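Fold and geometry: a report
Here is how the chains run, residue by residue.
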Amino acid sequence: MMSNGGFSSRNGASGPSYINGPFQNPITIHPSTQGYIVAQPSSTMTQSKAPLLPAPDNYNFKLCPQATPVSLYQSPSASSMPIRPPEGCSEPFAPSQPAACNHRMLLLPTSQSSSTPPVSNSFCQNLHQPISRQYEGHTHVGNAVNPNPALGSSLTSMAYSLGTPTPLFFGNASQSPGPPPASASNLPVPGPNAANAVPQTSNQLDRKLYGTPPAVGSPAAMGASPPLRPPGLLVSSVLPPPLADQNEAGPYPPQAGQMSKPAGTAYPSLEPGYQGIEGIPKPLPVHPPTQVYGFPPQQYQQPSVGPAQLSPSLSALSLQSQTPEALRVVNLLQERNILPPGPVPAPTPCLPQDLQKLNCSPEVFCSTLTSIPQTQALLNKAKLPLGLLLHPFKDLSQLPVVMSSSIVRCRSCRTYINPFVSFLDQRRWKCNLCYRVNDVPEDFMYNPVSRSYGEPHKRPEIQNATIEFIAPSEYMLRPPQPAVYLFVLDVSHNAVETGYLDVVCQSLLESLNSLPGDTRTKIGFITFDSMIHFYNLQEGLSQPQMLIVSDIEEIFLPTPDSLLVNLNECKELVRDLLKSLPQMFTKTMETHSALGPALQASFKLMSPTGGRVSVFQTQLPSLGVGALNSREDPNQRATAKDVQHLSPATDFYKKLALDCSGQQVAVDLFLLSGQYCDLATLGCVSRYSAGSIYFYPSYHSQHNPAQTERFQKDLKRYLTRKIGFEAVMRIRCTKGLSIHTFHGNFFVRSTDLLSLPNINPDAGFAVQMSIEENLVDMQVVSFQAALLYTSSKGERRIRVHTMCLPVVNSMSDIFAGADVQAIIGLLASMAVDRSVTASLSDARDAMTNAAIDSLISYRTSVLTIQQPGLLAPACLRLFPLYILALLKQKAFRTGTSTRLDDRVFAMCQLKYQPLIYLMLMIHPSLYRLDNLTDEGSLNINDCTIPQPGMLQLSVEKLNSEGAFLMDTGSEMYLWVGRNCNPTFLKQVLGVQNYATLPLNMNRLPELDTAESTRTRAFISWLREQRPFYPLLHIVRDESPLKASFMQNMIEDRTESALSYYEFLLHVQQQVSK
């Protein structure tokens, strides 16, 4: 879990950074210190853009981690805009061998063709060809837009110097590097007729990604329609061979039996032996990666063992013998108490101890399978998804930061040197991704930890799987951009009525000195209703000047040079504006909203520098470009067989987001509304510009004070959290593995490169993987995520995460290494895409089939003795429960009244949130609070934190004499029973009896009692582990929020959904076919 201290950390713990090479007055660095920070440079950097530079390729720009020099990006629809220069070397560009890496994109189609053949309802679908369409000069394939169709998805890598005049060339990871091409004309330009183009065959549309699912429909009780045939969830350019032993199953039969208990009750009558069984499996041991800075002195002829040096004996390290608990057979129909008492730990990869202790933390970088199958056929047979989940910019209290004159990378695939490379001798190292042998640079021989020479394997880069580099000048073509913040505020009558403007202005006044940045930080403001209002804050004015542009059809900037001003120089004018802004529009009667023109003005204003645009919107846009009409029918919220309008109504906001991404501008959207705002359309402006989305339904500062408190807390975190600008992220993997689909908020610039104009510590990403080449000769594989960004202090930095996992060849080892929570996180993102591209019922069926398919595979391929019941390995015992939780989640539920914006926002969160927060959304935690004790408590900063056990989400765990806290991530419900202990009522809630408990109570009183201290300490501890602020609702039986509390009782039956036990019976019926 994230520590509280981690939120305030910037780029690591205090202390100096590593300095590369020996020097006269070395900084003393003790081995026990893990955070190293360099002093910020004091040099003043210009803010203007660099002139346009020629380059043979217009994909490599902003110094992607694979290729240092990069070329130019042209904004998709604003060719006249100044073009943002790339980050690269200071030397002239030299074409290198094309990086024809084996990472082939697998993307989702955005529209459904009427002639598309049917697709089975599972996430196993692997369509052979992308369904592409032309879109204003772009080739649009699924979620990615290629700004230049002629270039295809090839990423031509550029060369740069590392301290020597000889450029480093690199090409395909599978080939030895050859001489550079004579000219740029020698570079292959993949297109429709290129040799590596995907053949446009139509008879391969039914190939599978990880197995063939049963072609099933949905049970009637789950409210899903017969499966539609979408264009396909997945598209891959490389297909696995067909399997002879794929399991085929028929469609769902009608649900047998009648549900005898009313909604909201506990389990129906259970099978004998199912009740009262204590079968809680012991949690798997977790060995968090440690950062070791010293080994005993040794001769260099015997360096530490790297992955490439591992003997074949590693394959004999059977996971069954190492983690027998993971493969313990669990009969889900008999073992009632399968929920562990605390958080579910991630499985530990079966690696030699010296490698495992260096592995990346699973909170930052994890895989759905911690044991990678040798072949795609084996993966298909397991019926489990292979993917990665990343939290790349997570707040870390310990982050080694290295300052070096050169950064050591593989000359072929550009992998950063990491703990899992192999040192062949003192002067050579072998890349763990492409296996090329590289020379060890002279300055890398110096170890800044021990201040000794000749021990490269002890350097911090080799001892830390997560590390950050301060990039040298080779990684820049111009000074890093300053921190630039633009606030765009809705000031229509509806907006003023909500009272949000006072909260925003007051929060900004309080946080003005805490905004991340340096002396170059700029700030600006735009307000809008039916017109656009700019504010001149130029130094020397006695007060801010409002400049109004009423022509929203042809938007222009009235005074371009004085609308974004230096914050330090004009701070008093900014304060004056923030103090007067809420009163300026109190009497407005303007009801229209010209959001589209306001965003166009923001783009024009921010394009020269890049930065962050924060948009606050309270209603449906009604004027100018981007105007929308309501698409929601309130009468269809609960009765519709399939949910409509999950896709955007117009592509204006997506096009604008792509323009913003090209100019390094991210747009964050705050939606505060009590009415339908079409978040499915408006959200595109943040999704494709790597922004964030915040949603506050029914917001009103007077009528909904709890929502106001949440908005205040979120805004404070948003304004002061760490931020990275003009970022790109590349994910690399060992030769033989490939990436085909990304999930999150970004623009895909190439097959493995994500454009992130802004990066924040609360953003998560998911990646789907496939096995293109057999991994038979490998004992381990590695994955590396490299995030290149500009810090708010103007430093170019590279944060690198590397993970190493074993390769196995048995089904039992694959299942033993399954990470059930990571699997659920990946499936949730895939289901969101399926809901938009196909239908909600199709996505629901596919999630159910994911559980059925994996249990069929386990039963047929792993179990040696067939037994009756629904059998699962202990590591997947929670899989059906989590799938049912997803089906009942707001994003996917049917039969329950759900506002369209609420559903879409839940889908956005499933795609964007890191796994640690995502799981609370999917499966909330339930605790009993009226009997808290100090037994087993934690002691943090001299504060005692009780640790009550987690309860199953069923009303059978509730009783009228207790008080129970449900934590859903964004909200907390404290349900108080009618006969609750009077001591708890008096000493925690501050009321004399149950009858005097207020209906709308949203906070606990601070009472000077032991019970109150314990309860508040526990709730505060839960809140501090996440970046957002969860509301607390005190719920009585008569409270309107009781329905929301009960809807999260996932294991109970409702009017429109099965109970957990009934769902298990349904799954067993399919598995036993």
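In short, a report on the structure. The model shown is predicted, which means the values in this text are computed figures rather than measured ones.

For the protein, the helix and strand inventory stands at 23 helices and 37 strands. Looking at the protein as a whole, 63% of its 1073 residues qualify as buried. As displayed, the protein offers around 37,600 Å² of accessible surface, 51% of which is attributable to carbon and sulfur atoms.

Here the focus is the environment of D1008. Along the polypeptide, D1008 turns up in the loop between α20 (982–989) and α21 (1010–1024). When the C-alpha positions of D1008 and Q987 are compared, they lie 8.2 Å apart, and in sequence the two are 21 residues distant.

In this section: helix α18 (residues 900–912). For α18, with 13 residues, the first-to-last C-alpha span of 18 Å sits near the 18 Å given by 1.5 Å per residue. For α18, the tally of buried residues reaches twelve of 13 residues, placing the bulk of the element in the interior. Taken as a whole, α18 has its buried residues at L900, D901, D902, R903, V904, F905, A906, M907, Q909, L910, K911 and Y912.

Read from one edge to the other, the open sheet built from three strands follows the order β10-β11-β12, with strand pairing classed as antiparallel. Strands with a single pairing partner mark the edges of an open sheet, and in this sheet they are β10 (422–425) and β12 (437–439). Going from strand to strand, the sheet's axes swing by 35 degrees on average, the running direction of each strand aside. In terms of strand pairing, strand β11 (residues 428–430) meets β12 through three bridges, oriented antiparallel. Residue pairing across strands places K430 opposite V437, the latter belonging to β12.

Another point: the sheet that holds strand β6 (residues 365–367). Sheet architecture is open: four strands sit in the order β6-β8-β28-β25, paired in antiparallel fashion. Each end of this open sheet is capped by a strand with a single partner; those strands are β6 and β25 (737–743). With direction set aside, neighbouring strand axes in the sheet form an average angle of 25 degrees. By the bridge criterion, three bridges tie β6 to strand β8 (residues 387–390) in an arrangement that is antiparallel. Directly across from F365, in β8, lies its bridge partner L390.

This part is about the nonpolar core. The nonpolar side chains of a soluble globular protein tend to be buried, and buried together. Ranked by size, the top nonpolar core spans 185 residues in total, and within it I532, L756, F783 and F892 carry the most contacts. Per-element tally for this core: the top contributor is helix α15 (residues 820–837), with ten residues. Sequence-distant contacts of F783, that is, excluding residues within four places in its chain, are made with F365, I372, L388, R732, C733, L737, M769, H801, T802, M803 and L805.

Let us now look at unusual backbone geometry. Unlike most non-glycine residues, K383 shows phi in positive territory, near 60 degrees. Among the secondary structure elements, K383 is positioned in the loop between α4 (376–382) and β8. One non-glycine residue, S698, lies in the positive phi region at around 55 degrees. Residue position: S698 is located in the loop between β23 (693–697) and α13 (705–720). The class of S698 is partly exposed, set by a relative accessible area of 43%.

In an α-helix, one turn spans 3.6 residues; hence positions three or four apart end up facing the same way. Under the 1.5 Å per step criterion, the end-to-end length of helix α23 (residues 1060–1071) is 16 Å for twelve residues, consistent within 8% with the ideal 16 Å. Burial runs high along α23: ten of the twelve residues are buried. Within α23 the residues assigned to the buried category are Y1060, Y1061, E1062, F1063, L1064, H1066, V1067, Q1068, Q1070 and V1071. As for α23, its buried residues are in contact with α16 (840–861) and α17 (879–887).

Within the fold, Q909 resides in helix α18. In this structure, Q909 is in contact with L918 and M921, ignoring residues within four places of it in sequence.

A separate point is the packing of aromatic side chains. Enumeration according to the criterion identifies 24 aromatic pairs in this entry. Measuring from centroid to centroid gives 6.3 Å for F670 and F711, while their planes differ by 70 degrees, and the two rings are edge-to-face. Of this pair, F670 sits in strand β22 (residues 665–673) while F711 is found in helix α13, placing the two residues 41 residues apart along the sequence. No difference in accessibility class separates F670 from F711, as the two residues are buried. Each ring, one from Y694 and one from Y718, has its centre 5.7 Å from the other, and the planes form 80 degrees; the classification is edge-to-face. In this pair, Y694 sits in strand β23 while Y718 sits in helix α13, placing the two residues 24 residues apart along the sequence. When sorted by exposure, Y694 lands in the same class as Y718, which is buried. Members of the aromatic cluster, joined through ring pairs, are Y500, F616, F670, Y694, Y696, Y699, F711 and Y718. Seen from the ring of Y416, R409 lies directly overhead, with NZ or CZ sitting 4.2 Å from the centre. Over the aromatic face of Y718 sits the side chain of R612, whose NZ or CZ is 4.2 Å from the ring centroid.

Attention shifts here to the environment of A850. Within the element layout of this structure, A850 appears in helix α16. For A850, a relative accessible area of 2% translates into the label buried.

Right, let's get into the state of the cysteines. Scanning the entire structure with this criterion turns up zero disulfides. Between C684, a free cysteine, and C908, which holds the nearest cysteine sulfur, the sulfur-to-sulfur gap is 8.6 Å.

As enumerated under the stated definition, the model contains 32 salt bridges in all. One salt bridge in this structure joins E956 and R336, with 2.8 Å as the shortest N-O distance. Of the two residues, E956 is situated in the loop between β34 (943–945) and β35 (963–967) and R336 in the loop between β5 (329–331) and α3 (353–356); the sequence distance between them amounts to 620 residues. A relative accessible area of 4% means that R336 is categorised as buried. A salt bridge links R1026 to D967; its shortest N-O distance comes to 2.7 Å. Taken together, the positions of R1026 in the loop between α21 and β37 (1031–1035) and D967 in strand β35 put the pair 59 residues apart, joining distant regions of the chain. On the basis of relative accessible area, R1026 is assigned to the buried category, the value being 5%. A network of salt bridges, in which partner residues are shared, links D395, R717, R721, K722 and D762.

With that settled, the discussion passes to the packing of α17 against α23. Two elements in contact, α17 and α23, have axes separated by 10 Å at closest approach and are oriented at 115 degrees. Classified by the interaxial angle, the pair formed by α17 and α23 is roughly perpendicular. Regarding α17 and α23, the two cross each other, and that crossing is right-handed. In this structure, α17 uses P880, L881, I883, L884 and L887 to contact α23, whose residues at the interface are Y1060, F1063 and L1064. Residue composition of the contact of α17 with α23, by class: eight nonpolar, no polar and no charged.

Rules of the game
- Residues numbered from 1 in each chain as written.
- Predicted model: local features only at pLDDT ≥ 70, side-chain atom pairs only at ≥ 80, totals over all residues.
- Heavy atoms only, no water.
- Helix = DSSP H or I, 4+ residues; strand = E, 2+ residues; numbered from the N terminus.
- Buried < 20%, exposed > 50% of the residue type's maximum accessible area, 1.4 Å probe, protein only.
- Areas by Shrake-Rupley, 256 points an atom, 1.4 Å probe, with all protein chains shown as cover.
- Expected span 1.5 Å × (residues − 1).
- Pairing = 2+ DSSP bridges.
- Axes fitted to C-alpha atoms, helices over the stretch in contact; angles between N-to-C directions.
- Core = buried A, V, L, I, M, F, W, Y, C linked by side-chain atoms within 4.5 Å.
- Contact = heavy atoms within 4.5 Å.
- Phe/Tyr/Trp six-rings, centres within 6.5 Å; stacked < 30°, edge-to-face > 60°.
- Lys NZ or Arg CZ within 6 Å of the ring centre and 35° of its normal.
- Disulfide = S-S within 2.5 Å.
- Salt bridge = Lys/Arg side-chain N within 4 Å of Asp/Glu carboxyl O.
- Parallel < 35°, antiparallel > 145°, perpendicular 65-115°, else oblique.
- Left-handed = near helix turned anticlockwise from the far one by under 90°.
- Nonpolar A, V, L, I, M, F, W, Y, C, P; charged D, E, K, R; others polar.

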